[in-house]
Amino acid sequence: MALLDVQNLAVSFVTRNGTNMAVDGISFSVELGKITAIIGESGSGKSVACYSLLGLVPMPPGRIDGGRALFEGRDLLQLEESELRKIRGRDIAMIFQDPMTCLNPYMTIGKQLMEPLLYHHRVTTEQARARALELLDEVGIRDPESTIDNYPHQFSGGMRQRVMIAMALINEPKLLIADEPTTALDVTIQAQILKLVAGLQLKRDIGVIFISHDLAVVADIADTIVVMKQGAIVESGNRERIFRNAQHPYTQKLLAAIPTDSKQPRPDAVQPLIQVRNLCTWFDQGRHREPVKAVNDVSFDINRGEVLGLVGESGSGKSTIGRSILRLVPVTSGEVSFDGTDLTTLEGRELKAMRRRMQMIFQDPFASLNPRMTVYDALAEPLLLHRIENRKTVARGVLKLMDDVGLARAFVRKYPHEFSGGQRQRIAIGRALATRPEFIVADEPVSALDVTIQAQILDLMQQLGREYGLTMLFVSHDLAVVRHLADRILVLYKGEVVEQGSGDDLFQRPQQAYTRQLLQSIPGRSLLA
Amino acid sequence: MWRFIGVRLLQAIPVILVVITVTFFLVRIAPGGPFDSEKAVTREVKAALEAQYKLNLPLFQQYTSYLNDVAHGNLGPSFKYPGRSVNELIAAGFPVTAELGLYAMLVALGIGGLAGIIAALKPNTAQDYIPMSAAMIGICMPSFLLGPLLVLVFGIHLDWLPVSGWGDIPGDKILPAITLGAAYAAYIARLGRAGMLEVLSQDYIRTARAKGLPEWQVVVKHSLRGGMIPVVAFLGPAFAGLLAGSFVVETIFQIPGLGRFFVQAAFNRDYTMILGTTVFVSVLIVLFNLLSDILAAWMNPRLRAQFSQH
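A brief structural summary.

The rules we used
- Residues numbered from 1 in each chain as written.
- Chains lettered and ligands numbered in written order.
- Predicted model: local features only at pLDDT ≥ 70, side-chain atom pairs only at ≥ 80, totals over all residues.
- Heavy atoms only, no water.
- Contact = heavy atoms within 4.5 Å.
- Buried area = accessible area lost by both parts, 1.4 Å probe.
- Salt bridge = Lys/Arg side-chain N within 4 Å of Asp/Glu carboxyl O.
- Polar contact = N/O pair within 3.5 Å; in protein donor to acceptor, adjacent residues only side chain to side chain.
- Helix = DSSP H or I, 4+ residues; strand = E, 2+ residues; numbered from the N terminus.
- Nonpolar A, V, L, I, M, F, W, Y, C, P; charged D, E, K, R; others polar.
- Buried < 20%, exposed > 50% of the residue type's maximum accessible area, 1.4 Å probe, protein only.
- Lys, Arg positive; Asp, Glu negative; His and termini not counted.
- Phe/Tyr/Trp six-rings, centres within 6.5 Å; stacked < 30°, edge-to-face > 60°.

Side note on the interface of chain A and chain B
Stage number 1. Facing 26 residues of chain A, the contacting portion of chain B comprises 24 residues.
Stage number 2. Carbon and sulfur atoms supply 57% of the area that chain A and chain B bury against each other, a total of about 2,200 Å² over both sides.
Stage number 3. Taken as a group, Tyr-106, Glu-115 and His-153 of chain A account for 30% of the area that chain A buries against chain B, more than any other trio of residues on that side.
Stage number 4. Summed over the shared surface of chain A and chain B, the number is 2 salt bridges.
Stage number 5. The closest approach of N and O atoms between Glu-115 of chain A and Lys-211 of chain B, which form a salt bridge, is 2.7 Å.
Stage number 6. Run the count over chain A and chain B and you get 12 residue pairs in polar contact (both at pLDDT 80 or more).
Stage number 7. Those elements that provide at least two residues to the side of chain A that touches chain B are α3 (99-102), α4 (109-120) and α7 (157-169) of chain A.
Stage number 8. The dominant element in the side of chain A that touches chain B, judged by the number of residues it contributes, is α4 of chain A, at 5 residues.
Stage number 9. Class assignment of the residues belonging to the side of chain A that touches chain B gives a composition of 14 nonpolar, 6 polar and 6 charged.

Shown next as structure tokens:
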């Protein structure tokens, strides 16, 4: 018998604007010792379905419209809150997406770890602490004795996710629900966490539901894959069948969205637009401490019309390089020249004139767009500021930009929050293109997006790059994405360039151990190759 | 940490200097003088009095001489209470005001904090609207209206509590404390509600629920600390406001506190007394703001770590 058997689960949200079917009669099951992956884009209902099993969907506005969820013979949907609470955290535990926000910043991790144990079982504080230490050790936290009384902010993202996993496993649950546990992490850390989850699952022989928007992520670990779209299951089956022989067009689209190809380097004449020589950007840490050498003695050229990929994990200095070129952070030493002019010495009006020729696209389009400005205002502002259009012609300019980035003209009076993540990134791209720049720094522009949307935005950037004749510095932690878009790739580690070459060179003949490690972190290589 | 405190205290010096200067010249601009309402005195007596209190010196010299005294902790002699210094008068009145302020603060925290938490648990329901509407009324209602109303109902109509006095009859401290604390209870309720709502929408609250913790533990152990930080940061200004604003309540309930001295001093043009109490209260405001800032930072582990580094 299955550990969890969900039949015809239906969940809806009742709002002022009517009833919204979030989960529309889905059925799936989870076996002991197996990993079931639920795949779908944001809003497909995959998280809501799992939260509703544990009574974690706020009601109202949520409402369970029907179905059964048999867990060890009991229907979770029919249980009283007090009964369900005994199962939550004891028999069924959860890991969430963002370890930055999912741990209580006001409590030490030790206290948070011990809590489920102390609440569900009769154990002393000493016993709980001993158990917490064991688990921290098991999930790979170094020196747990001295870190157990630290607060979450003292850990890195990957380490926090390990703490979350330890917390979920402390009561030895039979079912673990992992909701996008690696989406907020770097590719290398993601690979480690995936390995950890798979290893713990195997050792304990428990059932796992792994929720993700990315088929590639679950390619190596899932036994069964369930693909959801708009609240319904479009296809499900074992891993090999889904990857080798997907039937539903949506699954095929998801598979196609995983970037696997290499861009062929351009053969044209080499004429550098940007020359970076011995760039150092250090951040002072106060008088008595060594400065953080975010970028240390980095030199490279970006040729006119070229897309240069910059790859590395968090803290490798890749974003700082982009910002240093645009003079958004003060450069410690070295030279950055743009079209023959040294940028590091420019001031005032000259710098402003130069900035018009260089633009930036950020990772989080929501944070970088002013929530109180409509799309029209956001796009018109740079056009007017840099006198590219005058008051009479600005409307036409805005509409042209909307067309270019593939947004319907009718959306022009809407505010950023009314758009999806992908659409917001289109607005941000449009705003960056408004000044007709020659050079764009794109800092993780697709990292916050679902895979299918990611593919669309990458296509858009490629197409616009050609149309506008853009030179681009494309910063990302994801080698697969960079390979798809970049002519040449620079691999960065701890502020220094460790390797560079074309996508094919790096993928087929990596020279450095670190590059090989990055390559091995790309999820789903085995099935996608 | 010590550096932070030191810097803040240094910053306070110019602030207090400005307060002294502005007050000093403002009260002198006001018509009348400290001895105008005395029975007719001979010119010689008046001149002798003015000489005694250095009022015959040029204004600027009086100012520098006063600054010098204040720097040495001497707030000067009172003009209206012969033979007593302003320091003595403040020392006599302040304990009463401080006690009243403390009780009022307890009332404000108890009622306001609880109302804020209760409202935040079920936002946009009756459980939210009722305490928050009451808070709005509390903010709008001035203490000179609330005080007499409370006296009318609980002192006269129901005859449960004494109508005035301080420490004479049991229970006579209750109505003044409530009158003074009500407005602050209302502010705290609103701040507490906003803080709690913010925290309760955080991802880590969902984590706590997923652990199977009962709702009261989610609120008490996981939400309270973060949710109350805005309230704690408000305590400093609130406490200072309580002390400064207590003169209305002290007048209504005939309480021999600092506030009453202050009001009388203003009417009597008791220059040194006005200045002395103003300086004293502004020092208190600076100190309480500093204290609540330190406390609020201390409650946040991330800020605490930054603090102990420096």
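Anyway, onward from the coordinates.
Some words on the side chain of Asp-172 of chain B
All names here are of chain B.
Stage number 1. By the element assignment, Asp-172 lies in the loop between α6 (143-157) and α7 (174-200).
Stage number 2. There is no salt bridge for the buried Asp-172, and the closest opposite charge comes from Lys-173, which lies 5.8 Å off by N-O distance.
Stage number 3. At 3.3 Å, the side chain of Asp-172 and the backbone nitrogen of Trp-166 are in polar contact.
Stage number 4. Sequence-distant contacts of Asp-172, that is, excluding residues within four places in its chain, are made with Pro-162, Ser-164, Gly-165, Trp-166 and Gly-167.

Structural notes on the packing of aromatic side chains
Aromatic rings considered in pairs are described by the distance between their centres and by the relative angle of their planes.
Stage number 1. Scanning all chains against the criterion turns up 14 aromatic pairs over all chains.
Stage number 2. Taking the centre distance of 6.5 Å and the plane angle of 55° together, the rings of Phe-338 of chain A and Phe-439 of chain A count as tilted. Taken together, the positions of Phe-338 of chain A in strand β14 (residues 333-338) and Phe-439 of chain A in strand β17 (residues 439-443) put the pair 101 residues apart, joining distant regions of the chain. We note that Phe-338 of chain A, like Phe-439 of chain A, is buried.
Stage number 3. Plain terms: the ring middles of Tyr-103 of chain B and Trp-166 of chain B are 6.5 Å apart, the flat faces sit at 40° to each other, and that makes the pair tilted. Placement of the pair is Tyr-103 of chain B in helix α4 (residues 86-121) and Trp-166 of chain B in the loop between α6 and α7, with a sequence separation of 63 residues.
Stage number 4. Members of the aromatic cluster, connected to one another through ring pairs, are Phe-24, Phe-25, Phe-60, Tyr-63 and Tyr-66 of chain B.

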